[in-house]
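Now for the letters of each chain:
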Amino acid sequence: MLMMPFINLQLGDRIVTLMAALVLVLQIAMVSQRWIVIHIRIFAAQSLFLAMIAATIAWFNHAPHLYVAAALTLVVKVILVPILFERLVKRMEIHEEIEPIVNVPLSVVIAGGLTLVGYVVAASFYRPDEPGLGHNALAVAISLFLIGFFTMINRRKALTQVLALLSLENGLFLAAISLTYGMPLIVELGVFFDVLVAAMVLGILVYRIRETFESVDVSRLRRLRG
Amino acid sequence: MTERMMTRLIENAAQLFLLLVLAPLVTGVIRALKARLQTRRGPGILQPYRDLRKLFRKGMVIPETASWIFAATPWVVFFSTLLAGLMIPMVAAEAPLGLFGGVLAVIYLLGLGRFFLALSGLDSGSSFGGLGSSREMTISALAEPAMMLAIFTVAIGAGSTGLTEIAGAAIGQNWRFLAPAQMFAFAALALVLIAETGRIPVDNPDTHLELTMIHEAMILEYSGPYLALLEWAVSIKQLVLMTLLINCFWPIGLQPTWFGFGALQGIGWLLAKLLFLSCAIVLLETVNAKMRLFRVPELLAVAFTLGSLALVSTFLF
């Protein structure tokens, strides 16, 4: 009976690792994706897995406030933000493909390389003597962060940059829940409110850019120079 | 000693029989399922056998420009594929010719067949053949690293590149494909399987009429018995790769050795798993459109990245 919590923790660790791996695969799928609507849906799926990770950690570590974080992720990132963006895409009539600066095969390989960097960084935080959840999740979180950053640099269109920013934020969230088993609830609430507001404000901003320059290609913003 | 040799001989004969007979059936089942899913009636599942019989009876036309390579290719392709098939575990973890080489030998035997096929595409003197050869080589050069990385991931888990050891280590770990490393490796190998067997996002196996064809372009000049040998070899190669995939990653029902009641059970499980994988392939082929040739490297880059992630995560997870 003494061993039970440890076995449970191991099972929890395996589930979290599996989900984290799926999150990482979806992040790489995002890098290789050309259609913006599918890009948005992949983001929604990634957020869904993130919510499931949060719920798993809450269950196995008896941290009930993480359920709130999981529910908020579900409502905000899986439902609200994708709906908001899909409506924006429909309203702006964006049909064209995403045009990355570095071509897709190379981007995917770079994303793989960034994942390695993430693992190397996370390895220095590894304490094998402490049984706990989420050492792998930390590595995935750092990789998400780096790949999100890379995707932001790599894209020309404002909307896809916003999506990359949000997936980067997913990485931060994953790091927070896997390292500390969740920040205090009030911080989480603030962060989610922040994400929602940011998504709305950026959505309006993208729309305004489009209205002014008749394109969401940010490289055209250089015309502002006097 | 002689008894041991007899056992080996029986194993080899049984697997040879299984490879030769089962391969056209798998092709037939995939075609029939695909037709059903597209609400066509389609040919029956025995059609590939009838095609083979018809082709073996026909005469041959050989291009005037062709050299001995053209005549040698069907034999080389057929027998190298068959030999590769004898080196993989099918019904039991023990591969009949496992003694002669592991997974690397299997991959490069298939590579030998592909090399000759590409040569004969050039040899036939038609411009389509050359196009097909160059495309096939481009794709296989990109698919091979991804395949290697995925295979090495599995081999590290077993501590050996021998397929008998790999399949043996997999027995009893029915749920291990849920581990991240195995999952990445499986995804990478599945993408490579699609590219190598010329399935739809990469190549269309059903048509000779597209300018974008790859495999069919290489064998365009073949007819009669040679064409039959090549078609048979292609379906055996497909069976070999599918079996490799399912026995490395879903070891449920795989037997340690060939004999007794276990062999029947093993065959039953093999058929069930093949049917399942065929259904997955059919679904994938039906919902996807063929990719433009220049997009194929993107798909294989994803496979490569997945393969390298798999290899890395065996060390880190």
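Chemist: Help me understand the overall build of chain B in this model?
Modeler: Each helix and strand in chain B was counted, giving 11 helices and zero strands. The secondary structure elements of chain B, listed N-terminal to C-terminal, are α-α-α-α-α-α-α-α-α-α-α. Here the C-alpha atoms of chain B give a radius of gyration of 19 Å, agreeing with the 20 Å that 2.2 N^0.38 yields for 317 residues. Judged by the C-alpha coordinates and their principal axes, chain B covers about 55 × 50 × 40 Å. Buried positions account for 48% of the 317 residues belonging to chain B. Sequence-distant contacts in chain B: of pairs separated by 6 or more residues, those separated by 24 or more amount to 78%.

Chemist: Sorry, what's going on with the overall build of chain A here?
Modeler: From N to C terminus, chain A includes seven helices and zero strands. Each helix and strand of chain A, placed in order from N terminus to C terminus, yields the pattern α-α-α-α-α-α-α. Per-residue burial for chain A yields a buried fraction of 44% across its 226 residues. Here the analysis covers contacts within chain A between residues at least 6 apart in sequence; of these, 76% occur between residues at least 24 apart.

Chemist: Sorry, what's going on with the interface of chain B and chain A here?
Modeler: As a measure of interface size, the accessible area lost when the parts come together is often cited. Of the residues lining the interface, 14 residues belong to chain B; the matching set on chain A comes to 17 residues. Listed by contribution, the elements that provide at least two residues to the side of chain B that touches chain A are helix H7 (180-196) and helix H11 (296-316) of chain B. Broken down by element, the residue count for the side of chain B that touches chain A peaks at 10 residues, all from H11 of chain B. Within the side of chain B that touches chain A, the residues separate by chemical class into 11 nonpolar, two polar and one charged.

Chemist: Hey, could you run me through the packing of helix H3 (residues 65-92) of chain A against helix H7 (residues 185-213) of chain A in this one?
Modeler: The angle between the axes and the distance between the axes are what describe a pair of packed helices. Residues and elements named next belong to chain A. Two elements in contact, H3 and H7, have axes separated by 10 Å at closest approach and are oriented at 5°. The orientation of H3 relative to H7 falls into the category roughly parallel. Residues His65, Val68, Ala69, Leu72, Val76, Leu80, Val81, Leu84, Leu88 and Met92 of H3 lie in contact with H7, whose contacting residues are Leu185, Glu188, Phe192, Val195, Leu196, Ala199, Met200, Gly203, Val206, Tyr207 and Arg210. For the contact of H3 with H7, a count of residues per class yields 17 nonpolar, two polar and two charged.

Chemist: How should unusual backbone geometry be read in this particular structure?
Modeler: Note on backbone geometry: most residues besides glycine have negative phi, and most peptide bonds are trans. In this structure, Thr39 of chain B takes a positive phi of about 50° despite not being glycine. Relative to the elements of secondary structure, Thr39 of chain B occurs in the loop between helix H1 (2-37) and helix H2 (47-57).

Chemist: Just checking my understanding: could you explain helix H9 (residues 224-249) of chain B for this structure?
Modeler: For H9 of chain B, built from 26 residues, the straight-helix expectation of 38 Å at 1.5 Å per residue is met to within 8% by its first-to-last C-alpha distance of 38 Å. For H9 of chain B, the buried fraction is high: 22 of the 26 residues fall into the buried class.

Chemist: Whenever I open this one, the packing of helix H6 (residues 158-180) of chain A against H7 of chain A confuses me. Can you help?
Modeler: Residue and element names in this part refer to chain A. Running from N to C, H6 and H7 point in directions that differ by 165°, and their axes come no closer than 10 Å. When the axes of H6 and H7 are compared, the pair comes out roughly antiparallel. In the crossing of H6 with H7, the sense of the turn from one axis to the other is right-handed. Judged by residue contacts, Ala158, Leu159, Val162, Leu166 and Glu169 of H6 engage Val195, Ala199, Leu202, Val206 and Ile209 from H7. Residue composition of the contact of H6 with H7, grouped by class: nine nonpolar, no polar and one charged.

Chemist: Please clarify how helix H3 (residues 68-86) of chain B should be interpreted in this entry.
Modeler: Side chains that are three or four residues apart share a direction in an α-helix, a result of its 3.6 residues per turn. Here H3 of chain B contains 19 residues, and its C-alpha end-to-end distance of 27 Å stays within 8% of the 27 Å for a straight helix at 1.5 Å per residue. Check the buried side of H3 of chain B and you find it contacts H1, helix H4 (103-123) and H9 of chain B.

Chemist: How should the nonpolar core be read in this particular structure?
Modeler: The tendency in soluble globular proteins is for nonpolar side chains to be buried as a group. Ranked by internal contacts, the top residues of the largest apolar core, which has 156 residues, are Ile53 of chain A together with Ala146 and Ala188 of chain B. Considering every element that reaches this core, the biggest residue donor is H9 of chain B, with 16 residues. Those residues in contact with Ala146 of chain B, other than ones at most four positions away along the chain, are Ala188, Leu191, Val192, Leu300, Ala303, Phe304 and Gly307 of chain B.

Chemist: Explanation requested: the environment of Gly44 of chain B in the structure shown.
Modeler: All names here are of chain B. With respect to the secondary-structure elements, Gly44 resides in the loop between H1 and H2. A count of 13 C-beta atoms within 10 Å places Gly44 in the partly exposed class. Between the C-alpha atoms of Gly44 and Gln255, which are 211 residues apart in sequence, the distance is 32 Å.

Chemist: How do you make sense of the environment of Gln182 of chain B when you look at a structure like this?
Modeler: Residue and element names in this part refer to chain B. One can find Gln182 in helix H7. Spatially, the C-alpha atoms of Gln182 and Thr27 are 27 Å apart, while their sequence positions differ by 155 residues. Residues in contact with Gln182, not counting those within four places in the same chain, are Arg176, Phe177 and Phe249.

Chemist: I keep staring at the confidence of the model for chain B and nothing clicks. Help me out?
Modeler: The predicted structure's coordinates, where accompanied by low pLDDT, should not be read in detail. Overall, the prediction assigns chain B a mean pLDDT of 88, with 97% of residues at 70 or greater. Prediction confidence for the complex, expressed as pTM and ipTM, is 0.84 and 0.71 respectively.

Chemist: Honestly, the confidence of the model for chain A in this entry has me stumped. Any pointers?
Modeler: Across chain A, the average pLDDT comes to 80, with 85% of residues at or above 70. Taking the mean pLDDT of every element in chain A, the minimum, 76, falls on H7 of chain A and the maximum, 89, on helix H2 (residues 36-61) of chain A.

Chemist: What exactly am I supposed to notice about the environment of Leu244 of chain B here?
Modeler: Residue and element names in this part refer to chain B. Here Leu244 shows up in helix H9. By the C-beta count within 10 Å, which is 27 here, Leu244 ends up buried. Counting along the chain gives 67 residues from Leu244 to Leu311, while the straight-line C-alpha distance between them is 18 Å.

Parameters at a glance
- Residues numbered from 1 in each chain as written.
- Chains lettered and ligands numbered in written order.
- Predicted model: local features only at pLDDT ≥ 70, side-chain atom pairs only at ≥ 80, totals over all residues.
- Helix = DSSP H or I, 4+ residues; strand = E, 2+ residues; numbered from the N terminus.
- Rg over C-alpha atoms; globule rule 2.2 N^0.38 Å.
- Buried ≥ 20, exposed ≤ 12 C-beta atoms within 10 Å, placed from the backbone.
- Contact = placed C-beta atoms within 7 Å.
- Nonpolar A, V, L, I, M, F, W, Y, C, P; charged D, E, K, R; others polar.
- Axes fitted to C-alpha atoms, helices over the stretch in contact; angles between N-to-C directions.
- Parallel < 35°, antiparallel > 145°, perpendicular 65-115°, else oblique.
- Expected span 1.5 Å × (residues − 1).
- Left-handed = near helix turned anticlockwise from the far one by under 90°.
- Core = buried A, V, L, I, M, F, W, Y, C linked by C-beta atoms within 7 Å.
- pLDDT = per-residue confidence, 0-100.

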